[in-house]
Amino acid sequence: MIQEERTFTKAVQYRSQGYFDIFWRQLRKNRMAMVALGVLTLLYLSMLFAPLIVNTVGYDYKRPYVGERNEHPNTSHLFGTDHLGRDLFSRVLMGSRISLTIGLVAAAISVTIGVTVGSVAGFYGGWMDNLLMRGVDVVICFPFLFLAITIVTILTPNFFNIIVIIALLSWTGIARIVRANVLSLKEREFFIAARAIGAGTSRLIFRHLLPNTMAPVIVSATLQVAGAILAESGLSYLGLGVQPPTPSWGNILMGGKPFLASNFFYTLWPGLMIFLTVMCINFLGDGLRDALDPKIAKQR
Amino acid sequence: MLSYVIRRSLVLIPTLFVITIIVFTLIHAAPGDPLDIYLDPTLDPRDYAEVRERMGLNQPIHIQYAYWVSHFFTGDMGISFNYGRPVWELLKVRIAPTILLMSLALLSAYLIAIPIGTLSAIKQYSPLDHTVTALAFVGISMPNFWLGLLLLSLFAVTLGWLPSFGMKELIGGGDLIDRIRHLIMPVIVLGTAYMAGITRYMRAQVLEVKNEEYIKTARSKGLREYWVISKHMMKNSLIPIVTLFGLQLPVLLGGALITEQIFSWPGMGYFFWRGVTARDYPVVMAILTLSAVLTLLGNFIADLAYGFLDPRIRYT
């Protein structure tokens, strides 16, 4: 008897591992997604070790080297220097801390809000659904940049506020996806069965609804990181993001605009980094979508 | 259908109401007293109080709100702190340039993306398809402000072919050629991401439609391939593309803001950005409200268009 139970648990464990295996095998087949994953890992690692790397290269990212203004890339300044003579390699590397962190944290918060609102609206329905979805309608009406800029001016543009603003304005898409999924899952037999057995609200939501709506959430969460990075750098580019002298990719770009003619590399590096990061995330998101949805993968 | 239109437009009213409340609250929460702009601090406090009273700043907040809303929609948007002139007067000359920029960017994006997306789907997995897909990824991932700077440094700084800012030459400009030259880069910057998005969307749509039964029917009744593609595949793929317009309107407006800032394009977005940096609240308030109302209407029209174009959708 005990023996039997053990094999049973084992079988279940094996099967749940199998799902991940299938997903991973699918994802690995997608060469672009794997390259993207590699590049992103590298980017995030270099972000983590940025102070160490900057120390090794030997330049303080805040210190102006007065005699070496607007230098093009050379052996001592790998990426060149900016208009104050600060080492661009160190600045772009330190700037990645702001951009990549904001991207990840803002996306995490907005996904949390989106999943919560979407599942509550879909699960309870009725006036709750109505209220929450009308709220979504209102938030969607404001063009992101316009509202974000207004709020930034009223508050102060700093690291924390930027994260909160981006997160609070970009959860609506996920909320809608989750709600639609929950609504259709609620009609399925397994859910009706679970409810009939007497499963409690939290068990119904966390055990039966959310796991089944994870696939689209993971994909849009990934794309959300790209969106948040673009939003942050857009705000910084307009001078309304994280304020200099703290470098972020967007505000380095802004700083370089007047020197387009004399120092092309000033704007090249931060722009290239944003572009590269966002493109990798998009490739990864695309790969995840295919890997998580067997139906699409088969069609291709 | 008619009852749906009526019900759908009734929902607009509470949404509009909440939008105006949000804008009003936001600006009200802004630091500083509106009077600081006008008044010298050395002024007699009694006069100061009188001006306050006369401007309605002592009224309860809901009265101030009602006053603002009722005047706003009749075109009285207040006086710009920065220019000292009515906001609407300043704003109305800046709407047309933005509309011009946005519609040209949209038009060129659709005109290029729809045939390319279709072609890419028909020739799935061909080198063409791979190239288009790769380019679409580049287009989607390219931050528009960086694209703007790249174009500026190539065409304006290095080659000197195109002007770097404004709508026309300040001296002796204004003819058609001059205006087109000023439009090229802003339209590319605003249109690229949009074009890439539509290409991918169109490709996905055609792929979905490609294997439908009615396509087989059309082929087997001997229809020429050209007609199968244009009349059957494309037409059915276009329906969701049309509605995409409504959903993308806020993104497009945001893109216009960045584009106008890069090229100093004298439109709403640039005006808004200048207003924000100068803390010109009446201007900020007016444009923020206007952009939200535009988006609201865009979504509404897209919704109706969807029902109108797709006979499978029935509203009850």
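Computed from a predicted structure; not experimentally measured. For every chain, the first residue of the written sequence is number 1, and numbering continues from 1 onward in sequence order. Labels are handed out in written order, letters beginning with A for the chains and numbers beginning with 1 for the ligands. This being a predicted model, a pLDDT of at least 70 is required before a residue's local features are given, and a value of 80 or more before pairs of side-chain atoms are given or counted; all residues contribute to the totals for chains, interfaces and linings. Calculated side-chain values reflect all of the structure's heavy atoms, with hydrogen atoms and water omitted.

### Overview of the overall build of chain A
Each helix and strand in chain A was counted, giving 14 helices and 0 strands. Along the first, second and third principal axes, the C-alpha set of chain A runs to 80 × 50 × 35 Å. Summary of the burial criterion: residues with accessible area below 20% of their type's maximum are buried, those above 50% are exposed, and those between are partly exposed, where the area comes from a 1.4 Å probe applied to protein chains only. Expressed as a percentage of the 300 residues in chain A, the buried residues total 50%. In chain A, of all internal contacts separated by at least 6 residues, the share reaching a separation of at least 24 is 68%. Counting from the N terminus, the helices are DSSP H or I runs at least four residues long and the strands are E runs at least two residues long. We call two residues in contact when some of their heavy atoms are within 4.5 Å.

### Focus on the side chain of B:Thr259
Looking at the element boundaries, B:Thr259 is found in helix H10 (residues 225–263). Leaving out residues up to four positions away in the same chain, B:Thr259 has contacts with B:Leu101, B:Pro186, B:Val189 and B:Leu190.

### A closer look at the confidence of the model for chain B
Residue and element names in this part refer to chain B. Confidence in the prediction for chain B averages 83 pLDDT; 95% of positions are at 70 or higher. On a range of 0 to 100, pLDDT expresses the predictor's confidence in each residue. The lowest-confidence element of chain B is helix H2 (residues 35–38), averaging 65 in pLDDT; the highest-confidence one is helix H6 (residues 127–141), averaging 90. Here the predicted complex scores 0.86 on pTM and 0.86 on ipTM.

### Digging into empty space enclosed by the protein
All names here are of chain B. Using only the protein atoms, space was sampled on a 1 Å grid; points where a 1.4 Å probe fits but cannot get out form cavities, open sets with protein on both sides within 12 Å along at least five of seven lines form pockets, and lining residues are those with an atom within 4 Å of a point. Grid points are joined across faces, edges and corners, and a volume is the space filled by probe spheres set on the points. A complete count under the given rule lists 1 cavity of 30 Å³ or more for this structure. Empty space within the largest cavity amounts to approximately 30 Å³. Every residue lining the largest cavity is listed: Gly139, Met142, Pro143, Asn144, Leu147, Val189, Thr192 and Ala193. Of all the secondary-structure elements, those providing two or more residues to the lining of the largest cavity are helix H7 (144–158) and helix H8 (176–210). A per-element tally of the lining of the largest cavity places H8 first, with 3 residues. Under the scheme applied here, ten amino acids are nonpolar (Ala, Val, Leu, Ile, Met, Phe, Trp, Tyr, Cys and Pro), four are charged (Asp, Glu, Lys and Arg), and all others, including Gly, are polar. The class makeup of the residues in the lining of the largest cavity is 5 nonpolar, 3 polar and no charged.

### What to know about the pattern of salt bridges
All names here are of chain A. What makes a salt bridge here is a side-chain nitrogen of Lys or Arg within 4 Å of a carboxyl oxygen of Asp or Glu, nothing more. Tallied over the entire structure, the rule returns 10 salt bridges over all chains. Linking Arg179 and Asp129 is a salt bridge whose minimum nitrogen-to-oxygen distance equals 2.6 Å. Note that Arg179 is positioned in helix H8 (residues 172–185) and Asp129 in helix H5 (residues 126–141), a separation of 50 residues in sequence. Using a relative accessible area of 22% as the deciding quantity, one classes Arg179 as partly exposed. Accessibility expressed as a relative area gives 12% for Asp129, which makes it buried.

### A word on a nonpolar patch on the surface
Residues and elements named next belong to chain B. A grouping of Leu100, Leu104, Leu107, Leu111, Ile112 and Ile116 is seen on the molecular surface, where their side chains present a nonpolar patch of about 500 Å² in accessible area. Note on placement: Leu100 falls in helix H5 (residues 87–122). You can call Leu100 partly exposed: its relative accessible area is 34%. Any residue with relative accessible area above 30% and no salt bridge may belong to a patch, with like charges joined within 9 Å and the nonpolar Val, Leu, Ile, Met, Phe, Trp and Tyr side chains within 5 Å. Computed with the Shrake-Rupley method and a 1.4 Å probe, the accessible areas treat only the protein chains shown as cover for residues.

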